Amino acid sequence: MVDLSVIIPVFNESENIATLHREVADMCLKEGLSFEIIVVDDGSTDGTWGVLQKLVPVTLIRFRKNFGQTAAFDAGIKAAKGRLIATMDGDGQNDPADIPAMIRFLEMNEFDMVSGWRKFRKDPFLKRFVSRGANFLRSVIVHDHINDSGCSLKVFRAECFENISLYGEMHRFIPALLSIRGFSVGEVVVNHRPRLAGKTKYSWQRTFKGLIDMVSVWFWTKYAVRPLHLLGGLGLILISFGFCSGFYTLYDYFYLKQSLSDSASPLLTAFLLLSGLQLFISGLLADAILKNYFESTPNKPYYISKIISTTSYEKTI
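Just so it is clear, the model here is predicted, and its values are computed rather than measured.

**Student:** Pulling in residues and values, what's your account of the overall build of the protein chain?
**Tutor:** Looking only at helices and strands, one finds nine helices and seven strands in the protein chain. The buried share of the protein chain, reckoned over its 317 residues, is 43%. Long-range pairs, those at least 24 residues apart, make up 75% of the contacts in the protein chain between residues at least 6 apart in sequence. For the protein chain, the accessible surface area stands at approximately 18,300 Å², while carbon and sulfur atoms represent 61% of it.

**Student:** Break down the nonpolar core for me, citing the residues and quoting the values.
**Tutor:** Generally speaking, a soluble globular protein has its nonpolar side chains buried in company with each other. Grouped together as the largest cluster of nonpolar side chains are 29 residues, with contacts concentrated most on Leu 4, Ile 8, Ile 17, Val 24, Met 88 and Ile 99. Mapped onto this core, the elements with two or more residues apiece are β1 (2–10), α1 (17–31), β2 (35–41), β4 (82–87) and α4 (99–108). Per element, the largest residue contribution to this core is six residues, and it comes from α1. For Ile 99, the contacting residues outside a window of four places in its chain are Leu 4, Met 27, Ala 86, Met 88, Leu 153 and Val 155.

**Student:** Please set out α1 residue by residue, giving values where relevant.
**Tutor:** Under the 1.5 Å per step criterion, the end-to-end length of α1 is 21 Å for 15 residues, consistent within 8% with the ideal 21 Å. When α1 is considered as a whole, its buried residues turn out to be Ile 17, Leu 20, His 21, Val 24, Ala 25, Met 27 and Cys 28. Buried residues of α1 fall within an arc of 160 degrees about the axis and therefore sit on the same side. Opposite its buried face, α1 presents the exposed residues Leu 29 and Lys 30, each directed more than 90 degrees away. Buried residues in α1 make contact with β1, β2, α2 (48–52) and α4. Gly 32 lies just past α1 and shows a positive phi near 70 degrees.

**Student:** Describe the sheet that holds β4, with residues and values.
**Tutor:** Spatially, the seven strands line up as an open sheet ordered β3-β2-β1-β4-β6-β5-β7, and their pairing is mixed. The sheet is open, and its two borders are formed by β3 (59–62) and β7 (185–189), each paired with just one other strand. On average, each strand axis in the sheet is tilted by 20 degrees relative to the strand beside it, whichever way the strands run. Set on the sheet, α4 makes contact with β1, β4, β5 (113–117), β6 (154–157) and β7; between it and β6 the angle comes to about 40 degrees.

**Student:** Give a description of helix α8 (residues 227–255) that names residues and reports values.
**Tutor:** The terminal C-alpha atoms of α8 lie 41 Å apart, and with 29 residues this matches the ideal 42 Å at 1.5 Å per residue to within 8%. Restricting attention to buried positions, one finds in α8 the residues Pro 227, Leu 230, Gly 232, Gly 235, Ile 239, Gly 242, Ser 245, Gly 246, Thr 249 and Asp 252. Looking at the residues trailing α8, positive phi occurs at Lys 257, about 60 degrees.

**Student:** An account of the packing of aromatic side chains is requested, with residue identities and associated values reported.
**Tutor:** This model, assessed by the stated rule, comprises three aromatic pairs. Here the aromatic rings of Phe 63 and Phe 67 are separated by 5.5 Å at their centres, their planes lie at 85 degrees, and the arrangement is edge-to-face. Given the relative accessible area of 14%, Phe 63 is considered buried. On the basis of relative accessible area, Phe 67 is assigned to the partly exposed category, the value being 48%.

**Student:** For the pairing of β4, give the residues involved together with the corresponding values.
**Tutor:** With respect to burial, β4 is a largely interior element, five of its six residues being buried. Relative to β4, β1 is paired through five bridges, and the arrangement is parallel. If you follow Ile 7 over to β4, its bridge partner there is Thr 87. With four bridges joining them, β4 and β6 adopt antiparallel strand pairing. For Thr 87, the partnering residue across the bridge sits in β6 and is Lys 154.

**Student:** An account of the pattern of salt bridges is needed here, citing residue identities and associated values.
**Tutor:** When the charged atoms of two side chains with opposite charge come close together, those side chains can pair. Tallied over the entire structure, the rule returns nine salt bridges. Across the salt bridge formed by Glu 13 and Arg 195, the nearest N and O atoms sit 3.0 Å from each other. Of this pair, Glu 13 sits in the loop between β1 and α1 while Arg 195 sits in the loop between β7 and α7 (204–223), placing them 182 residues apart in sequence. The class of Arg 195 is partly exposed, set by a relative accessible area of 22%. A salt bridge links Glu 107 to Arg 83; the shortest N-O distance between them is 3.4 Å. With Glu 107 in helix α4 and Arg 83 in strand β4, this pair connects stretches of sequence that are 24 residues apart. Put simply, Glu 13, Asp 91 and Arg 195 are held in one network by salt bridges that share partners.

The rules behind each value
Residue indices follow the written sequence of each chain, beginning from 1 at its first position. The predicted nature of this model means local features are confined to residues of pLDDT at least 70 and side-chain atom pairs, given and counted, to a pLDDT of 80 or more, with totals for whole chains, interfaces and linings taken over all residues. To get the side-chain values, all heavy atoms of the structure are used, and hydrogens and water are removed first. Working definition: helices are DSSP H or I runs of at least four residues, strands are E runs of at least two. Numbering for both runs from the N terminus. Note on classification: 1.4 Å probe, protein chains only; a residue is buried when its accessible area is under 20% of the maximum for its type, exposed when over 50%, partly exposed between these limits. Contacts were defined at the residue level, with two residues in contact if any of their heavy atoms lie within 4.5 Å. What sets the accessible areas is the Shrake-Rupley method with a 1.4 Å probe; for residues, cover comes only from the shown protein chains. For this analysis, a nonpolar core means a set of buried residues of the types Ala, Val, Leu, Ile, Met, Phe, Trp, Tyr and Cys, connected via side-chain atoms within 4.5 Å. To estimate how far a helix should reach, multiply one less than its number of residues by 1.5 Å. Directions pointing from the helix axis toward each C-beta atom define the arc. Pairing between strands is defined by DSSP: at least two bridges between the two strands are required. Working convention: axes come from line fits to C-alpha atoms, limited for helices to the stretch in contact. Angles between N-to-C directions cover 0 to 180 degrees. Centre distance within 6.5 Å is the pairing criterion for rings of Phe, Tyr and Trp, where only the six-membered ring of Trp is used; planes under 30 degrees apart are then read as stacked, over 60 as edge-to-face, and the remainder as tilted. Salt bridges are defined by distance alone: a side-chain nitrogen of Lys or Arg within 4 Å of a carboxyl oxygen of Asp or Glu.

This is a description of form; function is not addressed.
So this is what it looks like as structure tokens:
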């Protein structure tokens, strides 16, 4: 096991990756760290792979096509051998010189993960505006207590990724995923540099996918082991409204002698009762599926930090 594994996903970054690789290697040598640099080529089409093959030292992973940044992070993390794992973007905007301070902050405060905060970003206005909006929504929905979860510059203890697979745009929500499992998360301000070459990979599609994944993280945060509380609760609420609507319908028909043919209340009653029943049954099914999931996989609904056992006892008089 080495001290540090640095994971760098790249997609069409032929003009930036060699310089970034040299900065990472120089930083690790200066700090006296045993290290590995894992670069994941996410289906580049601009000659990036040719540049990567000239780098030393490096571990290269090449995707057959572009699968996305989250998939690249996941592949790199699964190949990592380091006691600590650092992740960063391949465009050169993250500064490798911040990593030693992040490691010290992690170890001094006994955190399991430290996330970078690009407090003074060097990005176009639109990208900063959308990112701040997404960060606000994330803080409201997910409550991960991180100012800039989208910053790729992060440092982790290797055990953070036991039995974790990343998909979609989930790399943005790693702090929330780890918080669910009881890992401690910290954050420090890091240097953010302007892009000097190449084109940004940011697009509105990534933002849309991130919002969908945010809802998934929210569900797992609140109801991962008790989906019946959400779906069954909503179902009972609808059923209650259905009974109220039914009583009103009966009152309208028997007491006020109103014709039901011109009233929407019977249809509303049936809709509420059937929808509520369907949600409640869905909650029961989801609960059964999750119980089967936890019984048939290494994952558990709880996570142990440490176990301490004492084995001897001497009676004192």
